[in-house]
Amino acid sequence: MRLFHGKQKGVLYLLEWGVVILFVCFFIIKWFDYTQYHFSADAAFEEKQDLNYSGPSKKVEKVDVDDRVFYLNTFNDQFSVGILKKDFGLLWKYENSFYSIERVDEEAITYLHDGYMKNNDVYSIYLVGVVNNPAIKKIRLQLKGEKTLAYPIRDNGMFAFFIEDNHVGYDNWEKLSGVDKNGKVVYEKAI
């Protein structure tokens, strides 16, 4: 005696697979919640904003650098940065917490830098800031060995440098310079 005939067996087969797919989707969703991965950098940023204890920042500029996105923000009188990293080719996750620094209008440039070493040989370091002197139109970061990185300043005055290298650590940074529209150095500070 056969319990199921053609159509009944197909419906049961589809029902079983439907339950399996629902369980897989449930575990994937829970994994995304646990790991805080998102399909877009903006979604990951917004979720982190919701969890930020001091309140949401105002997103001023979004800077794409390789497989990372820097969100340059303001909150009250502070400048902050959020860094998101792309993993697995399509998922975004926060690489840092919100780093912030009080903007000091009396200083030509307010900046902060941080970083870490991964796999004991690759440095991931960044320097971000905001220009308070309107005469400064470009920021230059001088590294040892005559290498210089430049960043043009937009209306919001914010800038971001990111370096991922196995030879460039904090000890390889020499100075930060601010240049006016004529190329004249109007600010310089050893780092």
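For the structure, see preceding data.
Reading the values: the criteria
- Residues numbered from 1 in each chain as written.
- Predicted model: local features only at pLDDT ≥ 70, side-chain atom pairs only at ≥ 80, totals over all residues.
- Heavy atoms only, no water.
- Helix = DSSP H or I, 4+ residues; strand = E, 2+ residues; numbered from the N terminus.
- Contact = heavy atoms within 4.5 Å.
- Areas by Shrake-Rupley, 256 points an atom, 1.4 Å probe, with all protein chains shown as cover.
- Pairing = 2+ DSSP bridges.
- Axes fitted to C-alpha atoms, helices over the stretch in contact; angles between N-to-C directions.
- Buried < 20%, exposed > 50% of the residue type's maximum accessible area, 1.4 Å probe, protein only.
- Polar contact = N/O pair within 3.5 Å; in protein donor to acceptor, adjacent residues only side chain to side chain.
- Core = buried A, V, L, I, M, F, W, Y, C linked by side-chain atoms within 4.5 Å.

Student: Would you explain the overall build of the protein in this entry?
Tutor: When you go through the protein residue by residue, the secondary structure sums to 2 helices and 12 strands. Listing the helices and strands of the protein from first to last along the sequence gives α-α-β-β-β-β-β-β-β-β-β-β-β-β. Across the protein, every contact between residues at least 6 apart in sequence was considered, and the portion connecting residues at least 24 apart equals 49%. Summed over all atoms, the accessible surface of the protein reaches about 12,000 Å², with 55% contributed by carbon and sulfur.

Student: How should the sheet that holds strand β12 (residues 185-190) be read in this particular structure?
Tutor: Sheet strands line up and pair through hydrogen bonds in the backbone, either parallel or antiparallel. Spatially, β9-β8-β11-β12 is the arrangement adopted by the 4 strands of the open sheet, whose pairing is antiparallel. Edge positions in the sheet fall to β9 (148-152) and β12, since each has one partner strand and no second. Direction aside, the axes of adjacent strands within the sheet are offset by 15° on average.

Student: Before we go on, may I ask you to explain the pairing of β12 in this structure?
Tutor: If a strand is regular, its side chains alternate between the two faces of the sheet. In terms of strand pairing, strand β11 (residues 173-179) meets β12 through 5 bridges, oriented antiparallel. Note on β12: the bridge partner recorded for K175 is A190. Counting the residues between successive antiparallel strands, the hairpin from β11 to β12 contains 5 residues, one of them, G183, with a positive phi of roughly 85°.

Student: Is there a simple way to explain the side chain of Q142 in this structure?
Tutor: Tracing the backbone shows Q142 in strand β8 (residues 138-143). Look at Q142 and you get buried, because its relative accessible area is 15%. Here T148 takes part through its side chain, which lies 2.7 Å from a polar atom of the side chain of Q142. In contact with Q142, not counting residues within four places along its chain, are K147, T148, W173, E174 and K175.

Student: Looking at this model, I keep getting lost on the side chain of K85. Mind explaining?
Tutor: Examined against the element boundaries, K85 turns out to sit in strand β3 (residues 78-87). Among the polar contacts made by the side chain of K85, one reaches the side chain of D67 at a distance of 3.4 Å.

Student: What should I look at first to understand the nonpolar core in this one?
Tutor: For soluble globular proteins, the rule of thumb is that nonpolar side chains tend to be buried together. F70, I109, V128, I139, F159 and L176 are the most contacted members of the largest nonpolar core, which has 32 residues in total. With sequence-adjacent residues up to four places away left out, F159 is seen in contact with L72, I109, Y111, L127, V128, G129, V130, V131, I139, Y151, I153 and L176. By size, the runner-up hydrophobic cluster in this structure holds 8 residues, among which are Y71, L84, W92 and Y94.

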